[in-house]
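Commentary on secondary and tertiary structure
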Amino acid sequence: MLLREVDYAKPASLAEALELLAANDGARALAGGQTLINVMKARAASPDLLVDLHGLEELRGIELAADGTLTIGAMTTYSELIRSAEAKARPILGEVCAQIADVQVRNRGTVGGNVCSNDPTNHLPPLMVAIGARMTIAGPGGEREVPAEEFFLGVYMTAVGPGELLTRITVPAGRKDGFASVTLGADGTCICNAAATVNGAVRVALGCVDAVPVLVSAASPDEVAAAVRAAGLTPPADVHASSEYRAHLAEVLASRAAREAAEH
Amino acid sequence: MQIRVTVNGTTYERDVEPRKLLIHFLRDDLDLTGSHIGCDTGNCGACSVIVDGVLLKSCMLLAVQADGANVETVEGLAADEELTPLQRSFNEHHALQCGYCTPGMLMSATALLRENPSPSEAEIEKALQGNICRCTGYWNIVEAVKAVTR
């Protein structure tokens, strides 16, 4: 398919990338492109300039600190994360990334792209909210850190503003996590998903039920379903699921993810 | 933009528009029509190629992004007209019907076997997940890959 005409730049540094994004209203960051290129084919997005983030060393790499904190570069691909010895410190990360789409997409698609596109059916937004990740955003004025809970603002919208870039995601230590989903075919698009972590109480973040992940807390996995019900969700309806069915799935999947987290 | 891409060992220098997808560069500019366009939406995997050792769908990559890269397509598998064991196995196991998905299937299976010469059946299925066969001939495709595992 022929895309609309677009300019292309491949900056050599983060500073240069930020300058390009700030100087062009129609500029758009190109990460793995596994969403953006298709969105451009459909003309749902028509950027004037693609700023290719490949080759920016500042956005790469996975580091494990002595206290178990993981720092994941935004341009880390799903496959890199799945294979990373460091990332095994928080096993749920690789487990969930291995459920995204297929080998080809996992080889090119990035962790940063998944959270920044913030499609409500994506896997990583609820996961990052549940495990209490922190997002580092770079802009013309320097860096700032935003908790995942405040990062997702709306459908396809995040705290990353015009002229800014997500540079890395910081994940605290922990192992008691779970993830459950109902998908369109194995590893397909989620109809509903839930990520959970147990750290004293249970934190569950639900995907696909609202514009942004919905965070629900409960004292124990057995109380999660009631907590989800009390949240009064009114999920969107589409050809795959009615609103009522999605609300039902939310309860079931939240409980499943919470039990998995408790058992880890 | 001027780009320089090595495909199956031959280096090509071409002037391309940034909007051109890698699959169109391969098929239209280089006349390498082995890689197919099945869906144009990133779903079917018929356009799968290996770029710098990594299996990708060439309809979700711009040609300019392959500047400086080493690309392998289905045409590069059978060096000197000699089929690879995997290609022979596809033939022997009747692993293609209409053949449209075959170039992508071969590249995905090639990438799998390089990384893991002894995959389980489940690992083969997972590795071919991104490739859709409209004839639904998956059984024989998996059998063909299984037959060349070590």
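Residues numbered from 1 in each chain as written. Chains lettered and ligands numbered in written order. Predicted model: local features only at pLDDT ≥ 70, side-chain atom pairs only at ≥ 80, totals over all residues.

Before going further, it helps to spend a moment on the overall build of chain B. When helices and strands are counted, chain B shows five helices and five strands. Counting from the amino terminus, helix and strand elements in chain B follow one another as β-β-α-β-β-β-α-α-α-α. Computed over the C-alpha atoms, the radius of gyration of chain B is 15 Å, within 12% of the 15 Å expected from 2.2 N^0.38 for a compact globule of 150 residues. Its C-alpha atoms give chain B principal-axis dimensions of about 45 × 30 × 25 Å. (Helix = DSSP H or I, 4+ residues; strand = E, 2+ residues; numbered from the N terminus. Rg over C-alpha atoms; globule rule 2.2 N^0.38 Å.)

Residue and element names in this part refer to chain A. With respect to burial, strand β10 (residues 165-171) is a largely interior element, six of its seven residues being buried. Summarising the sheet, strand β5 (residues 70-73) and β10 pair through four bridges and their orientation is antiparallel. Note that in β10 the partner of Leu70 across the bridge is Val171. Inspection of the sheet shows strand β6 (residues 134-139) paired to β10 by five bridges, in the antiparallel sense. Among the inter-strand pairings, Met135 is bridged to a residue of β10, identified as Ile169. (Buried ≥ 20, exposed ≤ 12 C-beta atoms within 10 Å, placed from the backbone. Pairing = 2+ DSSP bridges.)

Before going further, it helps to spend a moment on the sheet that holds strand β3 (residues 48-51) of chain B. Residue and element names in this part refer to chain B. In space, the five strands of this open sheet follow the order β2-β1-β5-β3-β4, with mixed pairing throughout. Of all the strands in the sheet, just β2 (10-15) and β4 (54-57) have a single pairing partner and so form its edges. Across this sheet, the average inter-strand angle for adjacent strands is 35°, counted without regard to direction. Bridge analysis of β3 against strand β5 (residues 70-72) gives two bridges, and the strand direction is antiparallel. Among the inter-strand pairings, Val51 is bridged to a residue of β5, identified as Val71. Across the face of the sheet, helix α3 (residues 102-115) comes into contact with β3 and β4 while running at roughly 40° to β3. (Axes fitted to C-alpha atoms, helices over the stretch in contact; angles between N-to-C directions. Contact = placed C-beta atoms within 7 Å.)

The next subject is the domain arrangement of chain B. All names here are of chain B. If you check the domain split of chain B, you get domain 1 (2-76) and domain 2 (85-147). For domain 1 versus domain 2, the distance between C-alpha centres works out to 21 Å. Taken together, the contacts link 14 residues of domain 1 with 11 residues of domain 2. Grouping the constituent residues of the side of domain 1 that touches domain 2 by class yields seven nonpolar, seven polar and no charged. (Domains from an automatic or database assignment. Nonpolar A, V, L, I, M, F, W, Y, C, P; charged D, E, K, R; others polar.)

Counting residues at the interface gives 24 residues for chain A and 21 residues for chain B. Looking at the side of chain A that touches chain B, the elements that each hand over two or more residues are β1 (7-9), α2 (36-41), β3 (49-52) and α5 (103-108) of chain A. With five residues, the single largest contributor to the side of chain A that touches chain B is α5 of chain A. Across the side of chain A that touches chain B, the residue classes break down as 10 nonpolar, six polar and eight charged.

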